[in-house]
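Listed here are the chains, written in short residue letters.
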Amino acid sequence: MSDTLQIMSDALPILFEGLLITLKIAAISLVIAFVIGLAAGLMSTARSRIIRGLAGIYVDIIRGTPLLVQVFFIYFGLPEFFDTRIDPEVAGIVAVSLNAGAYIAEVVRAGINSVDKGQVEAARSLGMNRFYTMRLIVLPQALRRMIPALVNQFIISIKDTALLSVIGIRELTQSGEIIISTNFRSFEIWGMVGVFYFLLILPLSRLSLLLERRLNLR
Amino acid sequence: MITVQNLKKQFGSNVVLKDISTTIREKEVVCVIGPSGSGKSTFLRCLNLLEDVTSGKVDIAGVEVTDPKTNIDKLREDVGMVFQRFNLFPHLTVLQNIMLAPKYIKKMDKAANEKKAMELLAKVGLAEKRDEYPDRLSGGQQQRVAIARALAMNPRVMLFDEPTSALDPEMVGEVLQVMKDLAHEGITMIVVTHEMGFAREVADRVLFMDGGYIVEEGTPAVIFDAPKHERTQAFLSKVL
């Protein structure tokens, strides 16, 4: 145990590189996921049954299958079928985006439905069309209420990127595995990996609380 | 100004409006009274198509509301509505509530929009509340802002859907006063209300609705002092 500190300081730069990749994949995926989720959430409140149905199918497929299977399907399955190759990071980003997007769509749908119907009636009675009513009246109120659930999903998805180690992306978890495969020091390395994730997530939880308090009641 | 012909509205198998026909003249103030469930609010909401109409015709200022080809958003600019539960936009300040529709729909210049909004706020006696959020206002104040918000679009007709029913008794007067002022300015108004005193004093004509029909209509003097129909008499004997 005397060399614990040495082990840890040796691991630090490699884990930090992994952390940056985790951060990059998570950031890109969450931006895309938010756009997908917003679109699918809006679709699920559409008047057209077909549009609602499409959003429903997407959400059901994603929720009904494990993320790991989705990752394998996108990284191994699709390229094989189309006889091509795909960069693991791209595949990972696509998988996490699609996955988080479906859950965010449900958050968006619930947020939109939580806005009082009288708000829509007031806006429409002033002559606002559906687009303005959604953009100026419903979404601003819905988004505020969605913040806790949204941040919760962001946190889950950031941690889900750990699964991408299985397709060889050298994100934080994979970096840990690589180090352990050479030094066999599971205790120190997995402990450090855990702390890294924790430090990544903590500010986000805090930010959510802050936002909630600042936007409270409005 | 407004013509309603054989208006019928049903929700599923429940026929709420059976056969409504009436004409409302420009600058007329019409109060609609009747027991709850008589279809008063539904009637009002059919006029600006917040409820879609099952059959019949509604025509406002020469525009056939019930024609599917009519641009209903455009028509609603001319038909202001005030709701029982105010429905102010809680994420916007009082001033923003009033300026929103003119800004986005009429593309009104900001300075002119703000000037107009402040005039309207002054008119409802709330100029000093311009930067408050709705949750900081009392019910009566919120409803007065809601009236100002509807007026900001320069509507030709104002619809009031039980505007004082959600208010504490001490706040009813301030809202009715604003509505009286409007009536005297000559805006066409249709008011669904339980305030018989207001109807008697302000209305040019009173419609008594029951069971999805207009049972009786006439001047306040006729309806309140000499109602002909026994259902009108029965209703008034309960509320007066």
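As the structure is a computational prediction, the values presented were derived from the model and not from experiment.

1. Some remarks on the state of the cysteines
All names here are of chain B.
At step 1: Scanning the entire structure with this criterion turns up 0 disulfides over all chains.
At step 2: The thiol of Cys31 is not disulfide-bonded; the next cysteine sulfur, from Cys46, is found 19 Å away.
At step 3: Take Cys31: its relative accessible area is 0%, and that puts it in the buried class.
At step 4: Classification of Cys46 as buried rests on a relative accessible area of 0%.

2. What about the UniProt feature "domain: ABC transporter" (unreviewed entry) in chain B?
At step 1: Sites flagged by UniProt as "domain: ABC transporter" (unreviewed entry) map to residues 2–236 of chain B.
At step 2: As a span, residues 2–236 of chain B carries 38% helix and 26% strand, and end to end its C-alpha atoms are 27 Å apart.

3. Considering the pattern of salt bridges
At step 1: Taken as a whole, this structure holds 24 salt bridges over all chains when the rule is applied.
At step 2: With its nearest N and O atoms 2.7 Å apart, the salt bridge here joins Arg185(A) to Glu188(A). Neither residue differs from the other here; Arg185(A) and Glu188(A) are each classed as buried.
At step 3: For the salt bridge of Arg231(B) with Asp210(B), the shortest nitrogen-to-oxygen distance reads 3.5 Å.

4. Points about the sheet that holds strand β2 (residues 14–24) of chain B
Strand-to-strand pairing in sheets goes through backbone hydrogen bonds, with the strands running parallel or antiparallel.
Residue and element names in this part refer to chain B.
At step 1: With respect to topology, 4 strands assemble into an open sheet ordered β2-β1-β4-β5, the strand pairing being antiparallel. In the strand order of this sheet, the two ends are held by β2 and β5 (63–64), each with one partner.
At step 2: Here strand β1 (residues 2–11) pairs with strand β4 (residues 55–60) via 5 bridges, running antiparallel. Bridge pairing links Lys8 to Ser55 in β4.
At step 3: Running at roughly 120 degrees to β1, helix α1 (residues 40–47) makes contact with β1, β2 and β4 of the sheet.

5. Examining the packing of helix α5 (residues 139–151) of chain B against helix α6 (residues 169–185) of chain B
Residue and element names in this part refer to chain B.
At step 1: Contact pair α5 / α6: the axes reach a minimum separation of 8 Å and the direction vectors enclose 20 degrees. Between α5 and α6, the angle falls in the class roughly parallel. Crossing geometry of α5 relative to α6 is assigned as right-handed. The residues of α6 that touch α5, namely those facing Gly139, Gly140, Gln141, Gln143, Arg144, Ile147 and Leu151, are Met171, Glu174, Val175, Val178, Met179 and Leu182.
At step 2: Here the residues of the contact of α5 with α6 are counted per class, giving 7 nonpolar, 4 polar and 2 charged.

6. Quick notes on α6(B)
Residue and element names in this part refer to chain B.
At step 1: When the terminal C-alpha atoms of α6 are compared, their 26 Å separation across 17 residues agrees well with the 24 Å that a helix rising 1.5 Å per residue should span.
At step 2: Listing the buried residues of α6 in full gives Met171, Val172, Val175, Leu176, Val178, Met179, Lys180, Leu182 and Ala183.
At step 3: Elements that come into contact with the buried residues of α6 comprise β3 (29–33), α4 (110–123), α5, β7 (157–161), β8 (188–192) and α7 (196–202).
At step 4: Looking one or two places after α6, you find Gly186, whose phi comes out positive at around 90 degrees.

7. What about a nonpolar patch on the surface?
All names here are of chain A.
At step 1: There is a patch of nonpolar side chains on the surface, built from Ile50, Leu54, Ile57 and Ile61 and spanning about 430 Å² of accessible area.
At step 2: Tracing the backbone through its elements, the reader meets Ile50 in helix α2 (residues 49–63).
At step 3: In this structure Ile50 comes out as exposed when scored by relative accessible area, which is 66%.

8. As for the UniProt feature "transmembrane region" (unreviewed entry) in chain A
Residues and elements named next belong to chain A.
At step 1: Listed under "transmembrane region" (unreviewed entry) in the UniProt record, and renumbered for this structure, are residues 20–43, 55–78 and 189–211.
At step 2: Each end of residues 20–43 is marked by a C-alpha atom, and these two atoms are 34 Å apart; helix forms 100% of the span and strand 0%.
At step 3: With 100% helix and 0% strand, residues 189–211 has its two end C-alpha atoms placed 34 Å apart.

9. Looking at the interface of chain A and chain B
At step 1: In this assembly, 21 residues from chain A lie in contact with 25 residues from chain B.
At step 2: For the pairing of chain A and chain B, the buried interface totals around 2,000 Å² over both sides, and the portion due to carbon and sulfur atoms is 59%.
At step 3: In this assembly, chain A and chain B are joined by 2 salt bridges.
At step 4: Across the pair Arg45(B) and Glu121(A) runs a salt bridge whose closest N-O atoms are separated by 2.6 Å.
At step 5: Remark: the boundary between chain A and chain B carries 6 residue pairs in polar contact (both at pLDDT 80 or more).
At step 6: Broken down by secondary-structure element, the contributors of at least two residues to the side of chain A that touches chain B are α5 (117–125) and α6 (130–160) of chain A.

10. Things to note about unusual backbone geometry
All names here are of chain B.
At step 1: In this structure, Phe86 takes a positive phi of about 65 degrees despite not being glycine.
At step 2: Its location among the elements puts Phe86 in the loop between β6 (79–82) and α3 (94–104).
At step 3: Although it is not a glycine, Lys107 sits at a positive phi angle of roughly 50 degrees.
At step 4: For Lys107, the location among the structural elements is in the loop between α3 and α4.
At step 5: The class of Lys107 is exposed, set by a relative accessible area of 56%.

11. Details of α4(B)
Residues and elements named next belong to chain B.
At step 1: Taking 1.5 Å of rise per residue, 14 residues should cover 20 Å, and α4 covers 20 Å from first to last C-alpha, within 8% of that figure.
At step 2: Residues of α4 that are buried: Asn113, Lys116, Ala117, Leu120 and Leu121. Down the axis, α4 shows its buried residues gathered within 140 degrees of arc, on one side only. In α4, those exposed residues whose orientation departs by more than 90 degrees from the buried face are Ala111 and Lys115.
At step 3: The inward-facing, buried residues of α4 contact α3 and α5.
At step 4: Two residues or fewer after α4 comes Gly125, characterised by a positive phi angle close to 75 degrees.

12. Overview of the pairing of β2(B)
All names here are of chain B.
At step 1: Relative to β2, β1 is paired through 7 bridges, and the arrangement is antiparallel. Paired with Ile2 across the strands is Ile24, a residue of β2.
At step 2: Between β1 and β2, which follow one another and run antiparallel, lie 2 residues, and Gly12 among them has a positive phi close to 60 degrees.

13. Some details on the packing of aromatic side chains
Note on aromatic pairs: each is described by the distance of the centres and the angle between the planes.
At step 1: Scanning all chains against the criterion turns up 6 aromatic pairs over all chains.
At step 2: Centroid distance Phe131(A) to Tyr132(A): 5.9 Å. Interplanar angle 50 degrees. Geometry classified as tilted.
At step 3: Residue class for Phe131(A) comes out exposed when judged on its relative accessible area of 54%.
At step 4: Taking the centre distance of 5.3 Å and the plane angle of 40 degrees together, the rings of Phe208(B) and Phe235(B) count as tilted. Of the two residues, Phe208(B) sits in strand β9 (residues 205–210) while Phe235(B) sits in helix α9 (residues 230–239), which places them 27 residues apart along the sequence.

Scoring rules and cut-offs
- Residues numbered from 1 in each chain as written.
- Chains lettered and ligands numbered in written order.
- Predicted model: local features only at pLDDT ≥ 70, side-chain atom pairs only at ≥ 80, totals over all residues.
- Heavy atoms only, no water.
- Disulfide = S-S within 2.5 Å.
- Buried < 20%, exposed > 50% of the residue type's maximum accessible area, 1.4 Å probe, protein only.
- UniProt positions renumbered as here; feature names shortened; annotations may be inferred.
- Helix = DSSP H or I, 4+ residues; strand = E, 2+ residues; numbered from the N terminus.
- Salt bridge = Lys/Arg side-chain N within 4 Å of Asp/Glu carboxyl O.
- Pairing = 2+ DSSP bridges.
- Contact = heavy atoms within 4.5 Å.
- Axes fitted to C-alpha atoms, helices over the stretch in contact; angles between N-to-C directions.
- Parallel < 35°, antiparallel > 145°, perpendicular 65-115°, else oblique.
- Left-handed = near helix turned anticlockwise from the far one by under 90°.
- Nonpolar A, V, L, I, M, F, W, Y, C, P; charged D, E, K, R; others polar.
- Expected span 1.5 Å × (residues − 1).
- Patch = residues over 30% accessible without salt bridge, like charges linked within 9 Å, V, L, I, M, F, W, Y side chains within 5 Å.
- Areas by Shrake-Rupley, 256 points an atom, 1.4 Å probe, with all protein chains shown as cover.
- Buried area = accessible area lost by both parts, 1.4 Å probe.
- Polar contact = N/O pair within 3.5 Å; in protein donor to acceptor, adjacent residues only side chain to side chain.
- Arc of directions from axis to C-beta.
- Phe/Tyr/Trp six-rings, centres within 6.5 Å; stacked < 30°, edge-to-face > 60°.

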